[in-house]
Each structure stands twice: as structure tokens, then as C-alpha cells.
Amino acid sequence: MMKKQEIKISVLAIDESDDTIQFQIEVTNGINSITQEFYGYANNFKDFSTGLLSFPKTINDIVKYELGESGEHWAYYILMEVLCYDNSGKSAIHVIVDNNEKRPYTNKSEFYMTTVPASLNKLGQLLWDWNPTTENEITWTAE
């Protein structure tokens, strides 16, 4: 039996003065999981969702959501890289999350979630339709 693989994105707070949104992302592949807070705007996932809606254009198509960089110059690093891992189109999300803290507060995870393109298209639609200013959270479960 496959373990539940899920991405949940929540709104923790909205700064009315500049429309900045404090998000929290929780990702699990059923074995590993990571939670990270980060900041963005209501349209934060639009480019990622657009890429997911038409994924895969070719067997070599890669769609990325990337925020920050690994290293001390950024508060955090989040990468969700969507790719096909075989010629039949089986797909995966490569997840890297790093809070860029110094030890003993370091929290870094890297793992994969496996799924199918149709499920990733649904994630794209979910993100495209989501308005974080009116809906507090979304959850996608991989098929």
C-alpha cells in the first residue's frame, strides 16, 4: 500500500500594509516530511501552477517552484522540482527545504514524491484557483 503523499499550504498571517502573506508549507512523501514558514504574495504560485497545468510538454520537461537559496544569505530555501523519471511519463516532485539556520537549529530535508502527470495537473489547477486572501489553506494528495 502506498503511503499518503501530500502538500499542504496554509496562510498564517497577512500584512495589510503591503499585502505580504506569511505562508506555511508542509510536504510529506509518507516517509519524510518537512514544514517551513515563508513569505510571499497572493500570486506566489501562479508561474508554478501554469507549468503544472501543461506538464509534461515533453519527457524532459521540468517545472520548478524555487524560493530563496541554500546558504547564510537567505532566511530559507524551498525547491519543488517536477520531472518525469521514465519514458512512460511517471513523474516525481524533488523536494528540498532548508531553513538555513546554524546548528543546532538546522532543519534540512531532501526527498522525492512519486505521482502521475494527471495528478500534477490537478495540483496546478488547485494552485491556479487558490486565492490565499480568501481561503486559508489548500491540500493536494498525490495519486
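These figures come from a predicted structure and were not determined experimentally.

**Student:** Please explain the sheet that holds strand 3 (residues 33-40) as it appears in this structure.
**Tutor:** Pairing between the strands of a sheet is mediated by backbone hydrogen bonds and can be parallel or antiparallel. Read from one edge to the other, the open sheet built from four strands follows the order 3-2-1-8, with strand pairing classed as antiparallel. Both outer strands of the open sheet, strand 3 and strand 8 (137-141), are each paired with one neighbouring strand and no more. On average, adjacent strands in this sheet sit at an angle of 15° to one another, irrespective of strand direction. With eight bridges joining them, strand 2 (residues 20-28) and strand 3 adopt antiparallel strand pairing. Its bridge partner lying in strand 3, isoleucine 25 is registered against glutamine 36.

**Student:** Help me out: how do you make sense of the environment of leucine 12 in this one?
**Tutor:** Within the secondary structure, leucine 12 sits in strand 1 (residues 6-15). In this structure leucine 12 comes out as partly exposed when scored by relative accessible area, which is 40%. A sequence separation of 101 residues divides leucine 12 from methionine 113, and the C-alpha atoms of the two residues are 25 Å apart. Contact partners of leucine 12, with chain neighbours within four places excluded, come to Gln22, Phe23, Gln24 and Glu37.

**Student:** Help me out: how do you make sense of helix 1 (residues 46-53) in this one?
**Tutor:** Every buried residue of helix 1 is listed here: Phe48, Ser49, Gly51 and Leu52. All buried residues of helix 1 lie within an arc of 160° about the axis, which places them on one face of the element.

Reading the values: the criteria
For every chain, the first residue of its written sequence is number 1, and the numbers climb from 1 along that sequence. Since the coordinates come from a predicted model, pLDDT governs what is reported: local features require at least 70, and pairs of side-chain atoms require 80 or more to be given and counted, while whole-chain, interface and lining totals use all residues. As a rule here, side-chain values come from all non-hydrogen atoms in the structure, and water together with hydrogens is ignored. Paired strands, as defined in this entry, are two strands with at least two bridges between them according to DSSP. Helix numbering and strand numbering both begin at the N terminus, where a helix is a DSSP run of H or I of at least 4 residues and a strand a DSSP run of E of at least 2. Orientation is described by axes fitted as lines to C-alpha atoms, over the contacting stretch for helices, and by angles from 0 to 180 degrees between their N-to-C directions. Exposure categories follow from relative accessible area, calculated using a 1.4 Å probe and restricted to protein chains: below 20% of the type maximum is buried, above 50% is exposed, and the middle band is partly exposed. Here, residues are in contact when the closest pair of their heavy atoms is within 4.5 Å. Comment: arc refers to directions from the helix axis out to C-beta atoms.

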